[in-house]
Amino acid sequence: MLSSSTPIKLLASKTLNMQQQSAVSNAFSYGDRPQMGLDVEFGADPASGAFFQTDGRKHDDLKQMLDSNKDGLKLEAMKRIIGMVARGRDASELFPAVVKNVVSKNIEVKKLVYVYLVRYAEEQQDLALLSISTFQRALKDPNQLIRASALRVLSSIRVNMIVPIVMLAIRDSASDMSPYVRKTAAHAIPKLYSLDPEQKDELVTVIEKLLSDRTTLVVGSAVMAFDEVCPERVDLIHKNYRKLCNLLVDVDEWGQVIIINMLTRYARTQFVNPNADEPSDDENYKSNSNDAENFYDEISSDESDSDKKNKNNLKAKSRSSSSNVSYHVDLDHRLLLRQTKPLLQSRNASVVMAVAQLYHHVAPRNEVQLIAKALIRLLRSHKEVQSVVLTCIASMSTKRKSIFEPHIKSFFVRTSDPTHIKLLKLEILTNLASATSISLILREFQTYISSSDRSFVAATIQAIGRCAGSIKEITETCLTGLVQLLSNRDEHVVAESVVVIKKLLQTKAAQHFEIIIQMAKLLDFITVPAARASIIWLIGEYNERVPKIAPDVLRKMAKTFVDEENVVKLQVLNLGVKLYLTNPQQTSLLCQYVFTLARYDSNYDVRDRARFLRQFIFPTTGNSTILSQNARKVFLTAKPAPALESKYRDRHHFQLGSLSHYLNMRATGYKDLPAFPTTAPDTSVRNIDGFMQDAVNNTENTKTTQGNSNSTKNVSTKTDKNFFSESEKSSEYSSDDSSSSSESSSDSDSSSESEHANETKSKENKTEELNNKQTQLSTVTLVNIVNNVDEGGTSDSQSSSYSSSNSDSEVSANNNVSEGETDSESENEKKRKFERAQEKAKETTAGSKEERNDTTNKSNTKNNLDLLLDLDDVPPIGPVMTPSLGGFLTPSAPMLGSTLESLSQYAVNHIELVGPSFIDFNHKELLKKLSGNGLQVSYRFTRSPHLYASTMVSIELQFVNQSSDNINDIELADKVLCGGMDVNNFAPIQCLSPQQTAVSILGVDFNDSTRAIELVIKSSVGQSRVTIQPPIGELVRSVQITETYFKEERTKLRGMNENQSKLSLSKDKIDISSLKQNIYTTINVAHIPAKDANADLMYFAGQTLSSKSLVLITLDWSSSEGQELILVVNCEKMVISSMVLNELRNGLTAAFNC
């Protein structure tokens, strides 16, 4: 046992003195302060200066509660403290008061104390050292949560003095019976390693023990500790590799990500590259680009047609020979891919992304296409997830173009997408562009150009230029379209078009010199520096094609040289040199003038460039120099065409999905993916105790002796799928594994089946070890048959369920041992057991059929009763009434003061749903009779919740037949909704006679948004498309609350959740009843009676239908003595608060002319 050292005793005495001094200063009484459930640290009035005052006694009430003898007060204090920590507030001052309660006998108090200590143990190390003996005793506590919490706190105290204590605690906890404690021990290993790296050897021993654990709760944490401490010890993974692959599906999502990333690196070092003999997409791209002539490249006349044919034949032969060579994937390599494939359907985006990067870096090329649909599914998630996934797809699309081409429409840009998402989708569309899909993509690009987002429009124009350079069939079309954009009203569109055209015209400007002339005229209008520089470069590069325009451009630029940007000045200098070399008679004086201006420019880059270029055309010696003699070769030589490639093309050297890949730069702590080995490493290192060899031998014997037998097929599949890397003897917690894996199933029946299946698998493995090879095949076959019977629901043990407690797992482990000893029974006994199982199966099947018939009859009876209550065909005459939420029977007028007082006696913070104070019975026209071919539709909002869902707005639709013929089968054919919205269709109308009117109710959940919904109404006279946009006042439900609760909620909704406006509206000159009526008309709220009826304050309350957020409205005349109205709206949703304020302000302004 380790004893406390002398420094710890001295430190403890000092700390106790500090605690006594702080206890003496606690003079504030807990009962003196009313508790409202909140920790108010400053005055409600900002002008009181409480923000700048320091109150040293602000936590005295919590300290007294912690010092009390009542566990209830301690628990309440700890809850408030943990709430403070969760909100990010500093609670370190309470550390001495909290740490004393670590010895509390109340289990709930102790849990919260440990949570607090984990947060502040590193900051308050000296005080935490006082309770080390308590933590050591807690490591032996019967409760697993207390043991784990004590270890977590110990590992959080970063003091070198207690390293041996923590090491001993980790070693003991790694052998704990509880998987949760072993998981906590794995998490404590990296903390101790970062504190004292010299403990690595001992920690590696503990990690090796934890890696051999079969419990899914522990495996992920053990692998995490392995990655942090000893990632180079691949030998620890060899014997656990197959177990990790098989347990991967049952591990928690965080553990799955950790294990998959580790196995990716393991596979890169232990398996040969499966795509080594196949040409990469990059090579195919280069070969295609060499075969296909670029748009502007000249065709070489030196090469004859026969030479070209010979080269093409050689290329075809090489491709066919390489395609015939196939790499045989190792069995363990195939196991990894097979076990991770189901995780592509995970609900966690990180898991799907981890599997995607595994397939991208490790899988054969023809199997990578599996990840395409899984990645596209993630595009429906949050924008942060979309950004990461789209970055990975953009990088993959440069090398694996074919797997995303069938899903090209999934990358079309939406108007609601953020700018960075739009740019990523645009990049992917450009990478996926091909001769077959370019027409569809160009139509999309044409729409994108009309966007109001300038950066997105600029990127679209660049994408058009990339498509024009890579696909020769559409280059002329793209160039014509870009020229048309030069007449666009938006200057930035024109500027970006100029830059792209400049890149496209670098090699064949002779055929498009009229474009250069048109661009030269734009210099008088374009002010964007990059565009002006591009035009000047084009004119200087091809000045011989426009000999009359180029000198005039230099003359104009010389006038404005001083006011130009630096990038433009540099291009003007280049233009002057080129014109001097081709036309010195007209431009020599202009060049001297420009270079003189540049010599005294304020920018040193311009001065240096002018000093350098002057030596080419105006040597200081006056005689010709080497520079002047070679000036024409330097400036007038043919320039190579720029490479229009994706900026995501060079990210393949980073691991997909990593931070370095997302940022395109090496992040701190990033480790490069290891390269595939050239020769396959020894695969026998993953064979443990001959288990793998026996399984393979049994499979081969089965295939040769009993090839077409059904039982043989079952054995081969069982031995291939359900083998682990080591025997049952190396794990002490096999029952915990079965219980944890069964808990991950969806319902109790399936979980019990999977538990029994796992138990049967363990019996099968033990049988294979005890029996010889001759009897092994028949034994396993019989076990498989019994297993199939058990899965059909006939086993007696199926009715019992395993519990997750430690005691139950120990009992199940003992049962497994006893069952393993009796597995060596004779074949006759096993056959008799199988016959009895068959008889039970018949009885159980017959009983289950009778039960199914009974339940079917009951459901049919219930459905018949429901038919009697189906009143959807009868349109309601008035507003829909919901008994639970209020309808006709709910008082429409606000509650009286006496009623409100009686209500507050039993429910102060109760929200009571009440009926609307105003209902508009006027209909608005939705479909005109001319547009509807005689069918006229109008609508109104009933302000009543819909029967289908309380979040839906009830909209009354009135159908009128204005034609002379019957209109039949009126129904809702289609609807276009925004995200989060929902519609409950109105009841179809079978027949509507001429001049007849029918009413139906439509339910719409607008998801607290005023965005319009688009509906298609279908009838016998045709289809009509209509749009309904709700006012903000119809998305609120009137509620009744107390004045006290109103003020409490309004205090919480300050800052950005509050909007206010001033109106010149005198209280004496208006009628209060008419004011209320205008508010009720604008928004569906209820009036909250104030205690003082003559006060200058009026309160109204409502609640949004979808999110149930309170909408609080305050009318305040108090600050201006009744001469000016301050309108205040508070709501948790800032957008709704602002919109309600605007509607109320506009309504009151129009009603009272204020």
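Residues numbered from 1 in each chain as written. Predicted model: local features only at pLDDT ≥ 70, side-chain atom pairs only at ≥ 80, totals over all residues. Heavy atoms only, no water.

(A) Focus on the overall build of the protein chain. Broken down by element type, the protein chain carries 46 helices and 16 strands. Relative to its 1154 residues, the protein chain shows a buried fraction of 47%. The long-range fraction of contacts in the protein chain, counting pairs at least 24 apart against all pairs at least 6 apart in sequence, stands at 69%. Total accessible area computed for the protein chain in this model is approximately 59300 Å², and 50% of it derives from carbon and sulfur atoms. (Helix = DSSP H or I, 4+ residues; strand = E, 2+ residues; numbered from the N terminus. Buried < 20%, exposed > 50% of the residue type's maximum accessible area, 1.4 Å probe, protein only. Contact = heavy atoms within 4.5 Å. Areas by Shrake-Rupley, 256 points an atom, 1.4 Å probe, with all protein chains shown as cover.)

(B) A look at the side chain of Gln 655. Mapped onto the elements, Gln 655 comes out in the loop between α34 (631-635) and α35 (659-663). Using a relative accessible area of 8% as the deciding quantity, one classes Gln 655 as buried. Polar side-chain contacts of Gln 655 include one of 3.3 Å to the side chain of Arg 265. Other than its neighbours up to four places away in sequence, Gln 655 contacts Asn 261, Thr 264, Arg 265, Gln 357, His 361, His 661, Tyr 670 and Leu 673. (Polar contact = N/O pair within 3.5 Å; in protein donor to acceptor, adjacent residues only side chain to side chain.)

(C) Quick peek at the sheet that holds strand β6 (residues 982-984). Strand order in the open sheet formed by five strands is β2-β3-β4-β8-β6, and the pairing between neighbours is antiparallel. What marks the edges here is a single partner per strand, and that holds for β2 (924-927) and β6. Shown here is a sheet whose adjacent strand axes are inclined to one another by a mean of 35°, direction ignored. For strand β3 (residues 935-945) and strand β4 (residues 953-961), the ladder comprises eight bridges, and the chain directions are antiparallel. Residue pairing in the sheet places Ser 938 in a bridge with Gln 958 of β4. (Pairing = 2+ DSSP bridges. Axes fitted to C-alpha atoms, helices over the stretch in contact; angles between N-to-C directions.)

(D) Representation of the packing of aromatic side chains within the structure. With the rule as written, the count across this model stands at 19 aromatic pairs. Residues Phe 445 and Tyr 448 carry aromatic rings whose centres are separated by 6.1 Å and whose planes lie at 50° to one another, so their mutual orientation is tilted. Linking Phe 445 with Tyr 448, this pair stays in helix α23 (residues 438-448), spanning three residues, or about one helical turn. Tyr 448 carries the same exposure label as Phe 445, and that label is buried. Considering the side-chain rings of Phe 595 and Phe 618, the 6.3 Å spacing of their centres and the 85° angle between planes classify their relative orientation as edge-to-face. Here Phe 595 is found in helix α31 (residues 584-599), whereas its partner Phe 618 is found in the loop between α32 (604-617) and α33 (626-629), with 23 residues between them in sequence. (Phe/Tyr/Trp six-rings, centres within 6.5 Å; stacked < 30°, edge-to-face > 60°.)

(E) Spatial organisation of the pairing of strand β16 (residues 1125-1131). The element β16 is extensively covered by neighbouring structure, given that seven of its seven residues are classed as buried. Here β16 shows no split at all, with Leu 1125, Leu 1127, Val 1129 and Cys 1131 on one side and Ile 1126, Val 1128 and Asn 1130 on the other all buried. Relative to β16, strand β12 (residues 1058-1063) runs antiparallel, the two sharing six bridges. What sits directly across from Lys 1062, in β16, is Ile 1126. Taken together, the six bridges between strand β15 (residues 1110-1116) and β16 define a ladder with antiparallel strand orientation.

(F) Quick peek at the environment of Ser 497. Note on placement: Ser 497 falls in helix α26 (residues 491-504). A relative accessible area of 0% means that Ser 497 is categorised as buried. Placed 39 residues apart in sequence, Ser 497 and Ala 458 show a C-alpha to C-alpha distance of 8.1 Å. Sequence-distant contacts of Ser 497, that is, excluding residues within four places in its chain, are made with Ile 461, Leu 482, Leu 485 and Leu 486.

(G) Inspection of the pairing of strand β14 (residues 1097-1104) at higher detail. Burial analysis of β14 places seven of its eight residues in the buried class, which makes it a mostly covered element. Judged from the three bridges that link them, strand β11 (residues 1036-1040) and β14 form a sheet pairing that is antiparallel. Note that in β14 the partner of Val 1036 across the bridge is Thr 1104. With three bridges connecting them, strand β13 (residues 1086-1088) and β14 associate as antiparallel partners. Considered in β14, the bridge of Ile 1088 is made with Tyr 1099. One ladder, built from seven bridges, connects β14 with β15; its direction is antiparallel. In the strand pairing of β15, Tyr 1099 is matched with Thr 1114. If you look at the hairpin formed by β14 and β15, you'll find five residues sitting between the two strands, and Lys 1108 has a positive phi there, around 60°.

(H) Just the nonpolar core, in detail. One finds Tyr 116, Leu 117, Leu 375, Phe 411 and Phe 445 to be the most contacted residues of the largest nonpolar core, which totals 197 residues. If one sorts the elements of this core by residue count, helix α19 (residues 349-362) sits on top with nine residues. Sequence-distant contacts of Tyr 116, defined by excluding residues within four places in its chain, comprise Met 78, Ile 81, Ile 82, Val 85, Ala 91, Ser 92, Leu 94, Phe 95 and Val 98. Core analysis: the next-biggest nonpolar cluster, separate from the first, contains 54 residues, Phe 941, Phe 986, Leu 1063 and Leu 1125 among them. (Core = buried A, V, L, I, M, F, W, Y, C linked by side-chain atoms within 4.5 Å.)

(I) Layout of the sheet that holds strand β9 (residues 1013-1019). Strand order in the open sheet formed by four strands is β7-β5-β9-β10, and the pairing between neighbours is antiparallel. The open sheet is flanked by β7 (989-992) and β10 (1022-1028), the only strands paired with a single partner. Each neighbouring strand pair of the sheet contributes to a mean axis angle of 30°, computed without reference to strand direction. One ladder, built from five bridges, connects strand β5 (residues 967-976) with β9; its direction is antiparallel. By the bridge assignment, Asp 974 is partnered in β9 with Val 1016.

(J) Seen up close, the packing of helix α45 (residues 1072-1082) against helix α46 (residues 1134-1152). One can describe the packing of α45 onto α46 by two numbers: an axis separation of 10 Å at closest approach and a directional angle of 135°. As summarised for this structure, α45 and α46 are arranged oblique, according to the angle between their axes. As α45 packs across α46, the resulting crossing turns out to be right-handed. The residues of α46 that touch α45, namely those facing Ser 1074, Leu 1075, Asn 1078, Ile 1079 and Thr 1082, are Glu 1143, Leu 1144, Leu 1148, Ala 1151 and Phe 1152. (Parallel < 35°, antiparallel > 145°, perpendicular 65-115°, else oblique. Left-handed = near helix turned anticlockwise from the far one by under 90°.)

(K) Spatial organisation of the environment of Val 113. Along the chain, the position of Val 113 falls in helix α5 (residues 107-120). Residue Val 113 is classed as buried on the basis of its relative accessible area, which comes to 0%. With 18 residues separating them in the primary sequence, Val 113 and Phe 95 have C-alpha atoms 9.8 Å apart. Beyond its immediate stretch of four places on either side in the chain, Val 113 contacts Met 78, Val 98, Asn 101 and Val 102.

(L) Inspection of unusual backbone geometry at higher detail. Despite not being glycine, Asn 664 has its phi angle at roughly 60°, a positive value. Mapped onto the fold, Asn 664 is located in the loop between α35 and α36 (691-705). Its relative accessible area of 28% is what places Asn 664 among the partly exposed residues. In this structure, Asn 933 takes a positive phi of about 55° despite not being glycine. Structurally, the position occupied by Asn 933 is in the loop between β2 and β3. Since its relative accessible area comes to 47%, Asn 933 is described here as partly exposed.

(M) The arrangement of the confidence of the model for the protein chain in detail. With 70% of its residues at a pLDDT of 70 or more, the protein chain shows a mean pLDDT of 75. Low pLDDT, under 50, characterises residues 1-56; the predicted model gives this stretch 56 contacts beyond four residues in sequence or across chains. For residues 690-827, every residue scores under 50 in pLDDT, and the model assigns this stretch 167 contacts once sequence neighbours within four places are set aside. (pLDDT = per-residue confidence, 0-100.)

(N) Inspection of the pattern of salt bridges at higher detail. The full count for this structure, using the stated rule, is 30 salt bridges. In this structure, Lys 100 engages Asp 67 in a salt bridge whose closest nitrogen and oxygen atoms are separated by 3.2 Å. Pair noted here: Lys 100 is in the loop between α4 (95-99) and α5 and Asp 67 is in helix α2 (residues 60-67), with a separation of 33 residues, a long-range link. Residue classification places Lys 100 among the partly exposed positions, given a relative accessible area of 39%. A relative accessible area of 37% means that Asp 67 is categorised as partly exposed. The shortest N-O distance in the salt bridge between Lys 569 and Asp 601 comes to 2.7 Å. Highlighted residues: Lys 569 in helix α30 (residues 566-582) and Asp 601 in the loop between α31 and α32, separated in sequence by 32 residues. In this pair, the class of Lys 569 matches that of Asp 601, namely buried. (Salt bridge = Lys/Arg side-chain N within 4 Å of Asp/Glu carboxyl O.)

(O) Region of interest: the packing of helix α9 (residues 163-173) against helix α10 (residues 179-195). It is the contact of α9 with α10, at a shortest axis distance of 9 Å, that shows an interaxial angle of 150°. With respect to α10, the element α9 is oriented roughly antiparallel. Once α9 is placed against α10, the crossing between them reads as left-handed. Contact residues: α9 offers Val 163, Val 166, Met 167, Ile 170 and Ser 173, while α10 offers Val 181, Arg 182, Ala 185, Ala 188, Ile 189, Leu 192 and Leu 195.

(P) Quick peek at the side chain of Lys 183. For Lys 183, the location among the structural elements is in helix α10. Of the side chains with opposite charge, Asp 252 lies nearest to the buried Lys 183, which makes no salt bridge, at 4.4 Å. When near neighbours in sequence (up to four residues on either side) are disregarded, Lys 183 contacts Leu 217, Val 218, Ser 221, Asp 252 and Trp 254. (Lys, Arg positive; Asp, Glu negative; His and termini not counted.)

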